[in-house]
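Examination of the molecular architecture
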Amino acid sequence: MKNPPRLARRIVRDRLRDLAAAPDYRSWREIATELDHLEGGDAWKQDDTSDDYDYLLIQERLRQMRALRKRGDARQLAFDLYEGLHGNLGNISNPTLYGVARLGTKRLIEEYIAEVARCLDFLCAGDFPDFGFDDKIQFFKRTATTFGRSALMLSGGGTLGMFHLGVIKALHSERLLPRVLSGASAGSIIASAVAVRSDDEISAMFAPGGLNLEAFQALGWREMMRKGFVMDGAQLERCLAANIGDDTFVDAFERTRRIVSITVSPAEAHQQGRLLNYLTAPHVLMRKAVLASCAVPGIFPPVQLEARDYERRVVPYLPSKRWIDGTLSSDLPMLRLARLHNVNHYIASQTNPHIVPLLAKAELERRGLAPLAADLIKQGGSGALRLARKHLDPYASGRLLGKVDNILQQRYSGDVNIFPAPSHRRILRLFSNPSHDDIQHYIVEGERATWPKLERIRLQTRISRTFEDCLVLLKQREHALGKPRPRKPLRTAG
């Protein structure tokens, strides 16, 4: 008879091989569920106790919410949620809690999140004599603002940015794609393609030929020497026009309700990078914003933005200014997304070749967002740049060092990070057109990299998604009632 521990190890090894070859998320999830049982993840999930979060607080909050909902006490339940609902209550968003089991986290946390969502649905759908429609509208708007929302950020990375397509596909298939997205450089192409498509139209992006990705066409040597850049900007713009069309930011928002932001960097001194979207630059043509965000210095020429005027004519936007690669100023524009769109939870799809190896190392070490070595490299590089700037012409080499300093000073990771396997060979094809087979490979790789993160994303975004769904329903009901009525102050309990 075979040794049981040895047999168990062999079963685990076989299932790990099956996990790596899973053809779709459903299969992957079934195998991961079995591995959690075999490897002890289930037992860990069933044990509420842990030093990594305040399980006593979560137990008490869960008990209180459940009792109030079952009692039908809408007023007190709304009061408690407004006062005490936070995205990281008791440290339940601690990354450590999502690094033990392959699927999900502590059962207590999952039950707490599910109960919050259940309570929100209860308050939205119920008919209560002491918690009327006006009270509901005020509660959901205020509490949703306090709680915050999630965003998906797509980094730069040249052709490697096609990996983002797989990330979008995996999230879209599970109905987890956030309404708020940002894109820089290559990521701006994918983000804008999503921005102009409805939910039904997004699926067509992943089919062969779903997007035109013939972005690169090298100039002849004489043109390169004369113009100072390598690629034909007109070819890139034709590619973008095929994928995005002539929509402005506000056109796309009004049609799909997606909030998509594109980062661009200034080509001149004394300017700051910008985050372009339907609030900050509503009438700017999206394809021009993406063209600028993709304008890597030396590869593509700087870009003048264009917009539609009051009579829908295309006119120059800030005519004297030119814009370049968005990754130089803000690859992942977290701070500005927080200010403009109330975002406090960030999903980052990161493909920059100089960042991916650091994220991969941090994932292996399970030490959070970035290893100590990466922090030391960043700080040391910045210090050297500051010293060099003192001894260089501030209008030439010093300005170049300023751009490099901006790159080193940025934060390149979110709360949840999705990235491809590091590959030195791919760097050589950073500015080459991918074949249809290449694109399908990137999509599959992006999907597979996203699958292990889906349950964490599902849990950590469930409450904010419930808020959005409830607000949509309430706005529809408000519209059906006619002209919105004046709001009453939200009464407190007692």
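None of these values were measured; they are calculated from a predicted model.

Definitions and limits used
- Residues numbered from 1 in each chain as written.
- Predicted model: local features only at pLDDT ≥ 70, side-chain atom pairs only at ≥ 80, totals over all residues.
- Heavy atoms only, no water.
- Helix = DSSP H or I, 4+ residues; strand = E, 2+ residues; numbered from the N terminus.
- Buried < 20%, exposed > 50% of the residue type's maximum accessible area, 1.4 Å probe, protein only.
- Contact = heavy atoms within 4.5 Å.
- Areas by Shrake-Rupley, 256 points an atom, 1.4 Å probe, with all protein chains shown as cover.
- Pairing = 2+ DSSP bridges.
- Arc of directions from axis to C-beta.
- Phe/Tyr/Trp six-rings, centres within 6.5 Å; stacked < 30°, edge-to-face > 60°.
- Axes fitted to C-alpha atoms, helices over the stretch in contact; angles between N-to-C directions.
- Parallel < 35°, antiparallel > 145°, perpendicular 65-115°, else oblique.
- Left-handed = near helix turned anticlockwise from the far one by under 90°.
- Nonpolar A, V, L, I, M, F, W, Y, C, P; charged D, E, K, R; others polar.
- Core = buried A, V, L, I, M, F, W, Y, C linked by side-chain atoms within 4.5 Å.
- Patch = residues over 30% accessible without salt bridge, like charges linked within 9 Å, V, L, I, M, F, W, Y side chains within 5 Å.
- Salt bridge = Lys/Arg side-chain N within 4 Å of Asp/Glu carboxyl O.
- Lys, Arg positive; Asp, Glu negative; His and termini not counted.
- Charge placed at Lys NZ, Arg CZ, Asp CG, Glu CD.
- pLDDT = per-residue confidence, 0-100.

What follows concerns the overall build of the protein chain. For the protein chain, the helix and strand inventory stands at 22 helices and nine strands. For the protein chain, the proportion of its 494 residues judged to be buried stands at 49%. Taking as baseline every contact in the protein chain between residues at least 6 positions apart, the subset at least 24 positions apart corresponds to 76%. Accessible surface computed for the protein chain: about 24100 Å², of which carbon and sulfur atoms make up 54%.

The buried count for strand β8 (residues 343–349) comes to six of seven residues, which makes it a mostly enclosed element. With six bridges connecting them, strand β1 (residues 149–154) and β8 associate as parallel partners. Across the sheet, residue A151 finds its bridge partner in β8, namely Y346. Sheet analysis places β8 next to strand β9 (residues 416–418), joined by three bridges and oriented parallel. The residue of β9 that forms the bridge with A348 is N417.

Unusually for a residue other than glycine, L318 sits at a positive phi of about 50°. Topologically, L318 is positioned in the loop between β6 (314–316) and β7 (323–324). One non-glycine residue, N342, lies in the positive phi region at around 60°. Structurally, the position occupied by N342 is in the loop between α16 (334–341) and β8.

Next up on the list: α16. Buried within α16 we find M334, L337 and H341. Along the long axis of α16, the arc covered by the buried residues comes to 65°, so they all point the same way. Residues of α16 that are exposed and angled more than 90 degrees away from the buried face: L335 and R339. On its buried face, α16 sits against β1, β2 (180–183), β3 (259–266), β4 (274–276) and β8.

Glancing now at the packing of aromatic side chains. Applying the stated criterion across every chain yields a total of 12 aromatic pairs. Centroid distance F147 to F467: 6.0 Å. Interplanar angle 45°. Geometry classified as tilted. Taken as a pair, F147 in helix α7 (residues 133–147) and F467 in helix α22 (residues 454–481) lie far apart in primary sequence, 320 residues in all. Taking the relative accessible area as the measure of exposure, F467 reaches 2% and is therefore buried.

Running from N to C, helix α9 (residues 186–195) and helix α14 (residues 286–293) point in directions that differ by 165°, and their axes come no closer than 9 Å. Judged on the interaxial angle alone, α14 and α9 are roughly antiparallel. The two elements α9 and α14 meet at a crossing, and its hand is right-handed. Every residue of α14 that contacts α9 at S188, I189, S192 and A195 is listed here: M286, V290 and S293. Considered class by class, the residues forming the contact of α9 with α14 number four nonpolar, three polar and no charged.

The next thing to look at is the nonpolar core. Counting 76 residues, the largest nonpolar core has W28, L152, L165, I168, L171, L177 and M205 as its most contacted members. Counting 39 residues, the second-largest nonpolar core is a separate cluster that includes I92, Y112, V116 and A144.

Another point: a positive patch on the surface. On the surface, a cluster of positive charge is contributed by R6, R9, R10 and R13. Along the chain, R13 falls in helix α1 (residues 4–20).

Here we take up a nonpolar patch on the surface. Side chains of L7, I11 and L38 sit close together on the surface and give an oily, nonpolar patch of about 210 Å² of accessible area. Of note, I11 is situated in helix α1.

Here we come to the confidence of the model for the protein chain. Of the residues in the protein chain, 88% have a pLDDT of 70 or more, and the chain-wide mean is 88. Predicted confidence in the protein chain is weakest over helix α18 (residues 372–389), with a mean pLDDT of 41, and strongest over helix α6 (residues 107–125), with 98. Here residues 367–405 is modelled with pLDDT under 50, and outside its nearest four sequence neighbours on either side it reaches 46 contacts, counting other chains as well.

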